[in-house]
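Each chain is listed here by its residues.
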Amino acid sequence: MQNFKKKILFISGFDFDKLSTNGVMKKVFLEINTFRNLGFEVDYVEFYQGYLVINKSGKRKRISKIITSFYKTMSLFYKTMTQNMEISAKYDIIYMRYEHIGFNMIKYLRTFKNLENKTVLAELPTYTKIPYTKISLKRKIAFYTTKFLNDFLPKKIDYII
């Protein structure tokens, strides 16, 4: 009988080189190690030398270039991953921190879920339900776009953490 490990792709989009100075990164890395201790094989997304890469046991595969903002970079990441679904097909589970919601993320999750026997886990960060009063029009539009897109996500996510 073959010992089969479930494979997880952990999508967070943070700079793992700054682990020692970033509290969020410490939490993310602890989650990755916890999954590994439970017997899962875990690869993760990280920023590395101007690229967003998948780190698989220290070997990095470039996925997309880092561009002007975190949200644009993550949008490009999801678009690239959707166009190259053979990368995601190797994983049984996608675990994502879901602070970078957008149309490309929804399309990626829909495409991933159309593959056979795939599971999506999402960790929800805590946000306010209304935007701060003194923010720019651009940030307000982004806030309400995110709020609108949130209505589409539960159908694409199996478990919310």
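Placed above this text is the structure.
Quick look at the pattern of salt bridges
Reasoning step 1: Tallied over the full model, the rule gives 6 salt bridges.
Reasoning step 2: A salt bridge links glutamate 31 to lysine 27; the nearest nitrogen and oxygen atoms lie 3.7 Å apart. Residue glutamate 31 and its partner lysine 27 are located together in helix H1 (residues 23-37), separated by 4 residues, close to a single helical turn.
Reasoning step 3: Taking the relative accessible area as the measure of exposure, glutamate 31 reaches 16% and is therefore buried.
Reasoning step 4: Taking the shortest distance from any N to any O, the salt bridge between lysine 27 and glutamate 123 comes out at 2.2 Å. Here lysine 27 is found in helix H1, whereas its partner glutamate 123 is found in strand E6 (residues 119-123), with 96 residues between them in sequence.
Reasoning step 5: Judged by relative accessible area, lysine 27 falls into the partly exposed class, the value being 40%.
Reasoning step 6: Given a relative accessible area of 6%, glutamate 123 falls into the buried group.
Reasoning step 7: Each of Lys27, Glu31, Arg97 and Glu123 takes part in a single network of salt bridges with overlapping partners.

As for the packing of aromatic side chains
Reasoning step 1: Here the structure, examined in full by the defined rule, presents 7 aromatic pairs.
Reasoning step 2: Geometrically, the ring pair formed by phenylalanine 10 and tyrosine 95 is stacked, given 4.7 Å between the ring centres and 20° between the ring planes. Of the two residues, phenylalanine 10 sits in strand E1 (residues 7-14) while tyrosine 95 sits in strand E5 (residues 93-97), which places them 85 residues apart along the sequence.
Reasoning step 3: Take tyrosine 95: its relative accessible area is 3%, and that puts it in the buried class.
Reasoning step 4: For the pair tyrosine 108 and phenylalanine 112, a centre-to-centre distance of 6.3 Å together with 25° between the ring planes defines the contact as stacked. Of this pair, tyrosine 108 and phenylalanine 112 both sit in helix H4 (residues 103-113), 4 residues apart, which is roughly one turn of the helix. Here the two residues tyrosine 108 and phenylalanine 112 agree in accessibility, since each one is buried.

Criteria and thresholds
- Residues numbered from 1 in each chain as written.
- Predicted model: local features only at pLDDT ≥ 70, side-chain atom pairs only at ≥ 80, totals over all residues.
- Heavy atoms only, no water.
- Salt bridge = Lys/Arg side-chain N within 4 Å of Asp/Glu carboxyl O.
- Helix = DSSP H or I, 4+ residues; strand = E, 2+ residues; numbered from the N terminus.
- Buried < 20%, exposed > 50% of the residue type's maximum accessible area, 1.4 Å probe, protein only.
- Phe/Tyr/Trp six-rings, centres within 6.5 Å; stacked < 30°, edge-to-face > 60°.

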